[in-house]
Amino acid sequence: MADESTIYEQQYTADNYSEGFHDFKLLKTTARASLYLAFKAGKRFLIKTTKDNTEQQNKMLHREYELSIGCDHPHLIHIYTIEESLPFGTGLVMEYIEGRTLDKYLSEKPSKKERNRIFAELLSAVGYLHKRGVIHNDLKPENILITHADNSLKLIDFGLADSDTEYALRTLGCTHRYASPELLAQSREINARSDIYSIGVLMREIFGNRHRRIAERCCRENAIERYGNISALQAAWQNRNRPQKMLLGAVLATIFVLPFAHLGYNKLTEQDEMREREQLFQQIECDVEHIYAITADSISRAVYYEFANNHILSFCEELTKYQSEHIASIADAELNTLATNVYIHTLNKYHNQLWEQTNALPMMYKSDLSIAELNFYDSLLKERKPYRSYQAK
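Everything numeric here is computed off the predicted structure, so don't read it as measured data.

Moving on to the pattern of salt bridges. Inspection of every chain in the model, using the stated rule, returns 18 salt bridges. A salt bridge links Arg177 to Glu205; the shortest N-O distance between them is 2.6 Å. Pair noted here: Arg177 is in the loop between helix H4 (165-170) and helix H5 (181-184) and Glu205 is in helix H6 (residues 192-207), with a separation of 28 residues, a long-range link. Between Lys385 and Glu383 there is a salt bridge; the shortest N-O distance is 3.1 Å.

This is the structure in structure tokens:
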């Protein structure tokens, strides 16, 4: 979360502390929370606690845990658990990320390609939240980390996120510059379009005047005039250069192609069809790879074979849904067959890799578990929830 040199001197000792965390170091204090670096079993963790440890703030911290614990996405910070008896009170335990905030990353003047990738990762993370019915409500550079290791985006801080609009209104504390008009007005109709407004503001900071048409639509005062959801915004983003390409194509056609159109029409048509096919096949491979990457990341944290097997079932379900929505709808029979072959080939490659990853995990020896532990893990498996360690009450 921060460079070691910026850590404050305040520390808590781990004397007689039963939870195993030690060497607490205060990293940062915000208007609503304090962030600590802590160690346990040789690993670093980030712990978020409330600033004043009041009952209302602790309720918000528990609400953040409830919303984020089920999330499993490569560009969302991973939440492990919530601890009630830390030296400074209740704390949310999450992965520690070596990185810098989006604004500091942009000050390094990354390339256009890197900016495009970072923005696509942001859309992916927010889209995942929206599909789970969660609105972030506080998208801003301070809540977007870029890792030092590979410049990958991580979206953090669910303190204002909620799937219950009225609850979000009662705890409003968002940053005005990035907040939508309806969020600032405490409207009861806060939905995905509110986060899309914030994304539009971020677009201007990431790209300047480039892609102005998309950013302006995101930032319309009237929420109805914005993109309806992240999928619509992603489609606009993917087609962002299409008008320029069409204009360039028209100019070239007027100058060079039209005089010889009767000689090369069939060949050009064939080339266009081949290009479209290649783009379709590449998109299928990319989509399957994306679903695989999310599943592989989930399995890496599954600990036991049984939980990893659940992730593989989810992988198969996601691909079945993808096949019915994107491939089965291809009307051309020949193209449908070719696309299906590409899909099956890619699926088999990644499916085998997931099984190899899963088979490397140990089975859960249920005979070694207490009844309470067994019931706890069985409920997680039955409800297809990700693995988390049993905490005795």
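Next comes the rest of the account.
A few words now on the packing of helix H3 (residues 112-131) against helix H8 (residues 230-238). Following both chains from N to C, one finds H3 and H8 inclined at 160 degrees, their axes separated by 9 Å at the closest point. As far as their axial angle goes, H8 and H3 are roughly antiparallel. Classified by chirality, the crossing of H8 by H3 is left-handed. Seen from H3, the contacting residues are Asn116, Phe119, Ala120, Leu123, Ser124, Val126, Gly127 and His130; seen from H8, they are Ile230, Leu233, Gln234 and Trp237.

Membership of the largest hydrophobic core comes to 55 residues, with the highest contact counts inside it found for Leu102, Phe119, Ile199 and Leu233. When near neighbours in sequence (up to four residues on either side) are disregarded, Ile199 contacts Phe119, Leu123, Val126, Leu139, Ile230 and Leu233. Residues Ile299, Phe315, Leu335 and Leu354 belong to the second largest nonpolar core, which totals 29 residues.

A separate point is H8. Since the α-helix packs 3.6 residues into each turn, any two residues three or four apart lie on the same face. Ile230, Leu233, Ala236 and Trp237 are the residues of H8 that are buried. Buried residues of H8, seen end-on, are gathered within an arc of 120 degrees and therefore sit on one face of the element. Next to the buried residues of H8 lie H3, H6 and helix H7 (212-218). Near the N-terminus of H8, the side chain that reaches the backbone nitrogen of Ser231, with its oxygen 3.2 Å away, is that of Asn229.

All right, on to the side chain of Asp195 then. Topologically, Asp195 is positioned in helix H6. An unpaired buried charge is present at Asp195: no salt bridge exists, and Arg226, the closest side chain of opposite charge, is 9.1 Å distant. Looking at Asp195, its side chain comes within polar contact range of the main-chain nitrogen of His136, at 2.8 Å. Asp195 has contacts with Val126, His130, Ile135, His136, Asn137 and Leu139, leaving out every residue within four places of it along the chain.

Parameters and conventions
Residues numbered from 1 in each chain as written. Predicted model: local features only at pLDDT ≥ 70, side-chain atom pairs only at ≥ 80, totals over all residues. Heavy atoms only, no water. Salt bridge = Lys/Arg side-chain N within 4 Å of Asp/Glu carboxyl O. Helix = DSSP H or I, 4+ residues; strand = E, 2+ residues; numbered from the N terminus. Axes fitted to C-alpha atoms, helices over the stretch in contact; angles between N-to-C directions. Parallel < 35°, antiparallel > 145°, perpendicular 65-115°, else oblique. Left-handed = near helix turned anticlockwise from the far one by under 90°. Contact = heavy atoms within 4.5 Å. Core = buried A, V, L, I, M, F, W, Y, C linked by side-chain atoms within 4.5 Å. Buried < 20%, exposed > 50% of the residue type's maximum accessible area, 1.4 Å probe, protein only. Arc of directions from axis to C-beta. Polar contact = N/O pair within 3.5 Å; in protein donor to acceptor, adjacent residues only side chain to side chain. Lys, Arg positive; Asp, Glu negative; His and termini not counted.

Worth remembering: the numbers are spatial, not functional.
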